[in-house]
Amino acid sequence: MTGFIKKVFCRKGKTASGPSDTNRGTSDQSYKYVVAGAGPAGVTAAETLRQNDPDGSILLLGGEPEAPYSRMAIPYLLVGSIEEEGTHIRHQDGHYENLKIDCRQGRVSQVNPASKTLLLEGGNRIGYDKLCLATGAHPIKPPIPGLDQEGILHCWTLEDARKIIELAHEGADVVLMGAGFIGCIILEALALRKVNLTVIEMGDRMVPRMLDPVAGNMLKSWCANKGVTVHTATKITKVEPHPGDAEDTLLVDLDNGKQIPAHLLVVAAGVKSNLGYLDGAGLEIDQGILVDERLQTSDENIYAIGDVAQAPAFEGEDKVVHAIQTTATDHGRIAALNMSGIAARYNGSLAMNVLDTLGLISVSFGEWNGVEGGDNAVSVDRENNRYIRLEFSGGRLVGAQSVGRTDQVGVLRGLIEGRVPLGDWKEKLKKNPHLVMDAYLACAQR
Amino acid sequence: MQKTLNIIPEKCTGCAQCEIACSIEHVGMFSPSKSRIKVFKFPDEGRFVAYTCTQCSEAWCQRACPTGAISANAETGAKEVCEPTCVGCKVCTIACPFGTINYVSERGKVTKCDLCGGDPACVKACPTGAITFIDADATGYDRMKAWAAQTGGGAQPEA
């Protein structure tokens, strides 16, 4: 990896297209396409640009001193089932060089749409014809006193993961704040590291933004049976130093009056789009950078994708930030098509997640909590930890969640995004919602 | 010319020989539940549908994979899972709108049809000719692609 970084830094000063000018205010380098952010969205965009424009110069900027990697793979690094290289998005030697994609480490500190340049932290200025912002999100630090101490970490970057690996030794007392989607992924990794884990979630159940109370509480009792304590409807009020204890240096205060000694506190309280560098850029911004169905921002030369983009949703008029893998890579492809002159329209982001909680697998799609005027089909088998709930609007499926099923779960996406008319299969599904694959074959593939 | 599986439900009798052949080929076991091709039965209509991956050109599973573990076999066009690279995150299983890439918990990996490297076992096992392996252009593949184009992440070029 060090070699990779050295190599990209050696490119400094090289001009990819056109003459360069090192004066401040003009660009040190200029590219046809600049993709800022080297996560899954940025990498997909850069590769799609190359597919459709064999010659245009491409710069892929990564914000961290790493080869492009996927945060999604970090839990598997924590568990030890992969090495760091296993988190990388591409594995072939010279992948980016072969595609003539210049990779470089650099964080954007300013974007100037008028001069079509961006400024990197450290002072380099880079020119672009088309810019794609894929600068991702950062973990939220809730306003709780005492979170700025040693032994308190997010689990977001590879660097975070390295520190967690150091601290989360077998038997260590670890507190996890948040049992949302990211929290639950980390939960499994920490539990498999055999720490003594306590999970604190302020919602009334686990993954409250992905699963309903039946499913969320199924996960909770599953965890309890596996020896992981999950406190729901509980808040951390303060974190104090724990003097006199060399191992458990932290004391985590809960709103129920309890105090938990901890060696490590992992904070997974959600993420927020990285927007700070856009002050003064004049782009339309809300929760994320607002983009249209071409992933284009309010500036025609600038696109935004992935966790930083607030883009059309599959259902409804409101634009949404969906910080999920499938949306990130779909954004990347569609933005790149449009940037390279191939008009492509985005059908909107459908929320979807899959979670493995100590072996119990759950999924959710779209309007899993139902829509106004809609109806549903539910089947629950608590004994065997199996659950499925389908949400309909009129004659089609608009949302779904399930626990304990892995086979053919993708057709739930197919049925929803295909807006497949279910006809008399809706009644059959209401009698037995497990028949989603049969319904799909009968309704979508005839 | 790359070839593709062509499945004709009208010729399928539901015998499940394809499932058996697939499981023997891939896991060395007589175990339909481990098959990558599945026969769905519609008893009300007396209809059977053998169903597996269509190896779509803009593959959802491939694009969604966070570690680049799914790639196209240059010879067969099949989208193949590189097991050592697959971390088992299952994102592809929710991304594929056809439901044809699935998680196998015993191995902690996902699995899908790989066209048996160009000589599909299910085709050889099918006694009624319901599953054949023919030139890609001559199948209902275009129909599948058209359907695929309706679904999401998939926005298609408008031109």
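Residues numbered from 1 in each chain as written. Chains lettered and ligands numbered in written order. Predicted model: local features only at pLDDT ≥ 70, side-chain atom pairs only at ≥ 80, totals over all residues. Heavy atoms only, no water.

1. Describing the interface of chain B and chain A
Many structure descriptions define interface size as the accessible area lost when the parts assemble.
Point 1. In this assembly, 46 residues from chain B lie in contact with 53 residues from chain A.
Point 2. Together, the buried faces of chain B and chain A total about 4,100 Å²; carbon and sulfur atoms form 56% of this surface.
Point 3. Between the two partners, chain B and chain A, sit 3 salt bridges.
Point 4. Linking Arg63(B) and Asp330(A) is a salt bridge whose minimum nitrogen-to-oxygen distance equals 3.2 Å.
Point 5. Taken together, the links from chain B to chain A amount to 11 residue pairs in polar contact (both at pLDDT 80 or more).
Point 6. Contributions of two or more residues to the side of chain B that touches chain A are made by strand 2 (38-42), strand 3 (47-51), helix 2 (60-64), helix 3 (91-95), strand 6 (102-104) and helix 5 (141-150) of chain B.
Point 7. Residue classes in the side of chain B that touches chain A are distributed as 23 nonpolar, 13 polar and 10 charged. (Contact = heavy atoms within 4.5 Å. Buried area = accessible area lost by both parts, 1.4 Å probe. Salt bridge = Lys/Arg side-chain N within 4 Å of Asp/Glu carboxyl O. Polar contact = N/O pair within 3.5 Å; in protein donor to acceptor, adjacent residues only side chain to side chain. Helix = DSSP H or I, 4+ residues; strand = E, 2+ residues; numbered from the N terminus. Nonpolar A, V, L, I, M, F, W, Y, C, P; charged D, E, K, R; others polar.)

2. Structural notes on the domain arrangement of chain A
Residues and elements named next belong to chain A.
Point 1. Looking at chain A, the domain boundaries give domain 1 (2-138 + 272-339), domain 2 (152-269) and domain 3 (359-444).
Point 2. Of note, the centres of domain 1 and domain 2, computed from C-alpha atoms alone, are 32 Å apart.
Point 3. Counting residues at the interface gives 14 residues for domain 1, matched by 13 residues for domain 2.
Point 4. Roughly 1,300 Å² is buried in total at the junction of domain 1 and domain 2, and carbon and sulfur atoms are behind 71% of that figure. (Domains from an automatic or database assignment.)

3. Comments concerning the packing of aromatic side chains
Point 1. Taken as a whole and assessed by the stated rule, the structure comprises 3 aromatic pairs over all chains.
Point 2. Consider the rings of Trp60(B) and Phe98(B), whose centres lie 5.8 Å apart with planes at 85°: the pair is edge-to-face. Here the residue Trp60(B) occupies a position in helix 2, and Phe98(B) occupies one in the loop between helix 3 and strand 6, the gap between them amounting to 38 residues.
Point 3. By relative accessible area, which is 6% here, Trp60(B) ends up buried.
Point 4. Among the residues examined, Phe98(B) registers a relative accessible area of 3% and is labelled buried.
Point 5. The ring of Trp425(A) carries Lys428(A) above its face, with NZ or CZ at 4.4 Å from the centroid.
Point 6. Positioned over the ring face of Tyr103(B) is Lys90(B), at 4.3 Å from the centre of the ring. (Phe/Tyr/Trp six-rings, centres within 6.5 Å; stacked < 30°, edge-to-face > 60°. Buried < 20%, exposed > 50% of the residue type's maximum accessible area, 1.4 Å probe, protein only. Lys NZ or Arg CZ within 6 Å of the ring centre and 35° of its normal.)

4. Side note on the sheet that holds strand 20 (residues 319-320) of chain A
All names here are of chain A.
Point 1. Read across the open sheet, the 3 strands follow the order 17-19-20; overall the sheet is mixed. A single partner strand is all that each edge strand has here, and the edge strands are strand 17 (289-290) and strand 20.
Point 2. Inspection of the sheet shows strand 19 (residues 309-312) paired to strand 20 by 2 bridges, in the antiparallel sense. The residue bridging proline 312 from the neighbouring strand is lysine 319, located in strand 20. (Pairing = 2+ DSSP bridges.)

5. Some thoughts on the pairing of strand 5 (residues 117-120) of chain A
All names here are of chain A.
Point 1. Burial along strand 5 is two-sided: Thr117 and Leu119 facing one way and Leu118 and Leu120 facing the other are all buried.
Point 2. Across 4 bridges, the pairing between strand 4 (residues 108-112) and strand 5 is antiparallel. Within strand 5, the position partnered with valine 111 by the bridge is leucine 118.
Point 3. Linking strand 4 back to strand 5 in an antiparallel pair, the connection comprises 4 residues, with lysine 116 at a positive phi of about 50°.
Point 4. Pairing geometry for strand 5 and strand 6 (residues 125-133), over 3 bridges, is antiparallel. Looking at the pairing, threonine 117 lines up with glycine 127 of strand 6.

6. Observations concerning the sheet that holds strand 9 (residues 173-177) of chain A
All names here are of chain A.
Point 1. Spatial strand order, 8-15-9-10-11: 5 strands in an open sheet with parallel pairing. Across the chains shown, the open sheet's two edge strands, defined by having one partner strand only, are strand 8 (152-154) and strand 11 (229-231). Each neighbouring strand pair of the sheet contributes to a mean axis angle of 20°, computed without reference to strand direction. (Axes fitted to C-alpha atoms, helices over the stretch in contact; angles between N-to-C directions.)

7. Structural notes on the pattern of salt bridges
Point 1. Scanning the model with the defined rule gives 24 salt bridges over all chains in all.
Point 2. A salt bridge links Lys34(B) to Glu106(B), with the nearest nitrogen and oxygen atoms 3.8 Å apart. Of the two residues, Lys34(B) is situated in the loop between helix 1 (17-27) and strand 2 and Glu106(B) in the loop between strand 6 and strand 7 (109-111); the sequence distance between them amounts to 72 residues.
Point 3. A residue is classified by how much of its surface remains accessible, and Lys34(B), at 32% relative accessible area, is partly exposed.
Point 4. When the shortest N-O distance is used, the salt bridge between Arg36(B) and Asp114(B) registers 3.8 Å. Of this pair, Arg36(B) sits in the loop between helix 1 and strand 2 while Asp114(B) sits in the loop between strand 7 and helix 4 (121-125); the two residues are 78 residues apart in sequence, bridging distant segments of the chain. In this pair, the class of Arg36(B) matches that of Asp114(B), namely buried.
Point 5. Bridged by salt links that share partners, the residues Asp330(A), Arg333(A), Arg413(A), Glu417(A), Glu58(B) and Arg63(B) form one connected network.

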